[in-house]
Every structure is written in C-alpha cells, then in structure tokens.
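If you want the building blocks of each chain, they are given just below.
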Amino acid sequence: MFDTAAVDYPTRFANYQRNAHCPASPGSQVKCAWARKLSDDFDVHLNPTAVLVNGDYIGVQSSQHLLVYQSPGLFLFMAPLSENSAVIFGASAFSCFNTAQLLQYRDYAGNPLLKDVTVPGYEQWAVMLLFKPEEKQYLSVAQFTGGPMHREGPRPEKRYAVYRQPTQDFFPVWSHDQAGDITHALLNSDGQKLVLLHAAQNESGTGRVEVIKTNGGEVASTFDIDLAHVDSAALDAVGHLLIVGRGKKGQGDRSFIRAMDLTGKALWHHELQRPLGHQPPACNTDGRVFVLTENGVVCLKEGRRQWVYPGKTDRYAWVTTLNDNRLLLIHGGHLILIDENGEAAFKTRIGVQDEQFGAPAAVDRNGRIYIASSQKLYCFE
C-alpha cells in the first residue's frame, strides 16, 4: 500500500533523504502540456508547499489543504490538513493528518482506509518532522515546540517523540520520548537508519546527531556537529549526511556545508556565501551537491566548487535533480534546465508575472514535470 519505490514523487523534496532527486529526466526541450487554475477547485488563495505524484495522480499540498488531481488536470477531491502536515503518496494509498491532527489513510478515490488515529507526541504546538506509513504500523518523529510563552509560570518543556507504532495497538514496537529539541529528521535510502539532528543547547554550544536503527530502536551512533545553528540537512545518494549551518567553532557566524558519514567522520566542508535555508542540499547520483544561495545555485563535489549558476535567487527558487545529472531550477517565474556543466539547456516562463512558487518541481517516470504556483498547477512535457 505504502511502498514508495515505484512512486514518482512521494513526499516533499522527493524522498525521506530530502535530497530532491528524481529517478527520471525530461527531454532537452519541454513545453506546457496543460494547466489547471487552482481557484476553479478551491475558493481561497493557496500557497502550495509540495507537489506529489503517483502515476496519473497529482497532489497539490498547501499548509492546510491537499488537492488531488488526475492527469490531465481532472480535479478529484480536497482533503483538509493540520497545519504543515506530512503527506505521503504510496503505491495505492496516501497518508495525511486531518485538522484535529489525527492520522488518516485514503485511496486515490478519496475513500478512507484508516480513520482518526492518534500518533503519540503529535498534538497542539507539535510539528511532524518525519512520517513513514506502512499498512499495519508507522514510523513517526514529532517535536513539541513548547507553545506560546505564558504570562504566569514557565513555558512547557520541549519534547520529541519517536515511535515505531502499530496503527491498531496502543503499545509501540519501540519509542524514544523525552525532553529535547529535534530540528531535522531523515531516513536513509534502505529505511534502516533514522537520523535525528538535535539543536544546540545554548548559543555557544553545538548541535548533535543521533542515529537510530529503525527495526529495534537501538541507538547506532551519536556525535557532535561543529555548528551552532543548523539551517538545513539532507542525505546524499550513498547515505552521507550534508548539513548547512552557521557558527562553526572559532569562525563566528560564517556559513558552511559539512559532509560526514553516519558515524560522525568528517568528509569535507565548504564555506558558503549567503545560503538560503528553505531547501536542503540537493544531490545527484555522481556525488555532486547543489546549494541555493542568494547569488545563485552552487555546485560542489567532494567540497570543491564545480560551477555557479548565477541569479538573485530567493525563497521562491527551487532545485530538483535528475537521473542524467542535470537539474531543474524554478527561479524568477521561469523553469530552467541546467546541464552538468552549469549551463542553461533551456529556459521557459511559467505562468504570469505575479505568480509565486513555494514548492520544487516534481518529475514523473515519463519525464513529465509538475509545478504548482499560487494560481495554477502546470504540466510540462
């Protein structure tokens, strides 16, 4: 039901490694095949945060809604979501959380398969950092933020809850539920290791990584990060951890990307100028890493800069990497295909001047590109 191996684009940033890599590629030239105006299906303004794809089914996720379409742009239904809920597209069903923060499984006709299940730790003022559904159990990482400040008495303590939990049983397979502040959660490609990034305990401290075996819940390794603030993180194609952050010991507030294995062994690092934190590092299968900065896309390999695609990029710029080592860039209302040498193979406008783009492009296994703006869902092929 929830096998994602054959799903084109199952979750935000393409996978549980959050490295934006798609196992397909479009042709050398593309044009808009169809477009669907979102307001035709929903009467409020939407700011999409993800486009999910499973075959002919396309999901447009915003902070509080999921619109489900069938190619070529046939609207099927809308599902209300808890704010910034995790949505996962599986082979024959998808998971989401309703406005009461209760877990639901649905098929692609919208029929409920599992209704209103409470996930431990996911409550008011909590954020779901990672959710991996299975038919009879799930893996979840939820962070309780402490909520708003209180006029009287101390603010509630921050806590995180990591559970491998049966969907129909109160008792977990295993859990880690304790005080602390998790900022990022990643899962390696075979699903055997869960990587948790702990926030620094104070301004002069550094962050910490904890690696947990997903079968039994044992801690495989823990190690410190030589950064005081982590802005984004991803796992590359071979399972190395990539962290973009600030406050490297002895080097002030300068920004770096650091690569390490899951035992904490340092592999390489590179100083970055004004990186953008809204998208984690994107990765290709040949070892190249792409980071969005305010001055364009930086391509690195083993810590060495290969090229820079220049541009005054901002939080509406997004990168998607492809299986032929090219990448797609959404920037300035344009879709740009960048070749492996950092040159634009093509550039085409998406929509009109005032459209905003809050999600990276999703690519299906036939090379079709799906993009959601604040106004429309587009398909390029």
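Structure shown above.
The following refers to the structure shown. This one's a predicted model, so the numbers in the text were calculated from it and none came from an experiment.

1. Regarding the sheet that holds strand S3 (residues 57–61)
Reasoning step 1: The strand order across the open sheet built from 4 strands is S2-S3-S4-S5, with neighbouring strands paired in antiparallel fashion. Only two strands of the sheet have a single partner each, and these edge strands are strand S2 (50–54) and strand S5 (74–80). Sheet twist, expressed as the mean angle between neighbouring strand axes with direction ignored, is 20°.
Reasoning step 2: Sheet topology note: the S2/S3 ladder contains 5 bridges and is antiparallel. Each bridged residue has a counterpart across the sheet, and for Leu 52 the counterpart in S3 is Gly 59.

2. Quick notes on the sheet that holds strand S10 (residues 126–133)
Reasoning step 1: Ordered by their spatial adjacency, 4 strands build an open sheet running S10-S11-S12-S13, and the pairing between neighbours is antiparallel. Two strands lie at the open edges of the sheet, namely S10 and strand S13 (174–179), each paired on one side alone. Neighbour-to-neighbour, the strand axes of the sheet open up by a mean angle of 10°, direction not taken into account.

3. Observations concerning the side chain of Gln 101
Reasoning step 1: Relative to the helices and strands, Gln 101 is located in the loop between strand S7 (93–97) and strand S8 (103–107).
Reasoning step 2: Exposure remark for Gln 101: the relative accessible area of 16% places this residue in the buried category.
Reasoning step 3: For Gln 101, the side chain forms a polar contact with the main-chain nitrogen of Gln 124, separated by 3.2 Å.
Reasoning step 4: Non-local contacts of Gln 101, meaning those with residues more than four positions away in its chain, are made with Ser 82, Tyr 122, Glu 123, Gln 124 and Ala 126.

4. Describing the nonpolar core
Reasoning step 1: Counting residues in each nonpolar core, the largest one holds 49 residues, and the members touching the most others are Leu 335, Ile 369, Ile 371 and Leu 377.
Reasoning step 2: Each residue touching Ile 371, except ones within four places of it in the same chain, is listed here: Val 51, Ile 330, Leu 335, Ile 350, Phe 357, Ala 361, Lys 376, Leu 377, Tyr 378 and Phe 380.

5. Regarding the pattern of salt bridges
Reasoning step 1: Counting across every chain of the model gives 12 salt bridges.
Reasoning step 2: Note that Arg 368 and Asp 56 form a salt bridge whose closest N and O atoms lie 3.7 Å from each other. Of this pair, Arg 368 sits in the loop between strand S30 (362–363) and strand S31 (369–372) while Asp 56 is found in the loop between S2 and S3, placing the two residues 312 residues apart along the sequence.
Reasoning step 3: Residue Arg 368 is classed as buried on the basis of its relative accessible area of 17%.
Reasoning step 4: Linked through salt bridges whose partners overlap, the residues forming this network are Asp 56, Asp 364 and Arg 368.

Rules used in this analysis
Residues numbered from 1 in each chain as written. Predicted model: local features only at pLDDT ≥ 70, side-chain atom pairs only at ≥ 80, totals over all residues. Heavy atoms only, no water. Pairing = 2+ DSSP bridges. Helix = DSSP H or I, 4+ residues; strand = E, 2+ residues; numbered from the N terminus. Axes fitted to C-alpha atoms, helices over the stretch in contact; angles between N-to-C directions. Buried < 20%, exposed > 50% of the residue type's maximum accessible area, 1.4 Å probe, protein only. Polar contact = N/O pair within 3.5 Å; in protein donor to acceptor, adjacent residues only side chain to side chain. Contact = heavy atoms within 4.5 Å. Core = buried A, V, L, I, M, F, W, Y, C linked by side-chain atoms within 4.5 Å. Salt bridge = Lys/Arg side-chain N within 4 Å of Asp/Glu carboxyl O.

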